[in-house]
Amino acid sequence: MSDFFDNWVVQMRKGVLELCILRTLSIRERYGYELVKELSQVPGMGLTEGTLYPLMSRLRLAGLVSTRLEESSSGHARKYYSLTPEGLRTLETMNVFLETLQHSTQQVGVRS
């Protein structure tokens with residue numbers, strides 16, 4: 001693949017990954033490794049723990065997710081992430097934007 005395409009894929013993946021995280025958390029709260037396991041199964045996502053945790057920190061600082069710690073019988077305490085009301089509103093806006101963008105890009109280059 002070309003460097004141009006590789007860079008394009010990286011840029012596309014960033015925004016889509018944030019959307020997928022918010023969508024996943026809209027169903028129920030998850031702990032970090034659970035998010036990694038679930039979203040790494042999505043083709044093309046390429047999610048690793050090294051990608052997830054800085055992103056979750058940014059989403060928390062933006063007020064889109066909240067966290068809570070829960071002790072675990074199998075080791076370290078788990079940090080659970082959940083969607084905030086602002087996160088839910090942002091997710092709804094992102095979903096509408098993505099749908100509009102997808103429809104619009106399909107119209108580009110189509111002769112009328």
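Quick look at the structure, then. It should be emphasised that the depicted structure is a prediction, and the values quoted were computed from it without experimental measurement.

As for a nonpolar patch on the surface
- Together, F4, F5, W8 and M12 give the surface a local cluster of nonpolar side chains, amounting to about 460 Å² of exposed area.
- Here F5 is to be found in helix 1 (residues 3–27).

Quick word on the packing of aromatic side chains
- Following the criterion strictly, the structure yields 2 aromatic pairs and no others.
- Both rings, one in Y31 and one in Y80, keep their centres 5.5 Å apart while their planes meet at 70°; by these two values the pair is edge-to-face. Placement of the pair is Y31 in strand 1 (residues 30–31) and Y80 in strand 3 (residues 75–83), with a sequence separation of 49 residues.
- Note on Y31: relative accessible area 15%, which makes it buried.
- Y80 gets classed as buried once you look at its relative accessible area, which sits at 12%.
- Over the ring of Y80 we find R68, and its NZ or CZ is 4.6 Å from the ring centre.
- Lying over the aromatic face of Y31, R78 brings its terminal NZ or CZ to 4.0 Å of the ring centre.

Overview of the nonpolar core
- One finds I21, L25, M56, L59 and V65 to be the most contacted residues of the largest nonpolar core, which totals 20 residues.
- Secondary structure elements with two or more residues in this core: helix 1, helix 2 (32–39), helix 3 (49–61) and strand 3.
- In terms of residues, this core owes the most to one element, helix 1, which gives 6 residues.

Overview of helix 3
- The end-to-end C-alpha separation of helix 3 is 18 Å, in line with the 18 Å expected for 13 residues at 1.5 Å each.
- All of the buried residues along helix 3 are L52, L55, M56 and L59. In a view along the axis of helix 3, the buried residues occupy a sector of 105°, so they form one face of it. Structural note: helix 3 exposes G50 and L61 on the side pointing more than 90 degrees away from its buried face.
- Looking at the packing, one finds that the buried side of helix 3 touches helix 1, helix 2, strand 2 (65–72) and strand 3.
- Positive phi appears at G63, one or two residues downstream of helix 3, with a value of about 80°.

Brief notes about the packing of helix 2 against helix 3
- One can describe the packing of helix 2 onto helix 3 by two numbers: an axis separation of 10 Å at closest approach and a directional angle of 125°. Here helix 2 is positioned oblique relative to helix 3, judged by the angle of their axes. Helix-helix and strand crossings are classified by hand; for helix 2 and helix 3 the assignment is right-handed. Across the interface between the two elements, G32, Y33, L35 and V36 from helix 2 touch E49, L52, Y53 and M56 from helix 3.
- Partitioned by chemical class, the residues of the contact of helix 2 with helix 3 number 6 nonpolar, 1 polar and 1 charged.

Conventions adopted
Residues numbered from 1 in each chain as written. Predicted model: local features only at pLDDT ≥ 70, side-chain atom pairs only at ≥ 80, totals over all residues. Heavy atoms only, no water. Patch = residues over 30% accessible without salt bridge, like charges linked within 9 Å, V, L, I, M, F, W, Y side chains within 5 Å. Areas by Shrake-Rupley, 256 points an atom, 1.4 Å probe, with all protein chains shown as cover. Salt bridge = Lys/Arg side-chain N within 4 Å of Asp/Glu carboxyl O. Helix = DSSP H or I, 4+ residues; strand = E, 2+ residues; numbered from the N terminus. Phe/Tyr/Trp six-rings, centres within 6.5 Å; stacked < 30°, edge-to-face > 60°. Buried < 20%, exposed > 50% of the residue type's maximum accessible area, 1.4 Å probe, protein only. Lys NZ or Arg CZ within 6 Å of the ring centre and 35° of its normal. Core = buried A, V, L, I, M, F, W, Y, C linked by side-chain atoms within 4.5 Å. Expected span 1.5 Å × (residues − 1). Arc of directions from axis to C-beta. Contact = heavy atoms within 4.5 Å. Axes fitted to C-alpha atoms, helices over the stretch in contact; angles between N-to-C directions. Parallel < 35°, antiparallel > 145°, perpendicular 65-115°, else oblique. Left-handed = near helix turned anticlockwise from the far one by under 90°. Nonpolar A, V, L, I, M, F, W, Y, C, P; charged D, E, K, R; others polar.

The values are spatial; any link to function lies outside them.
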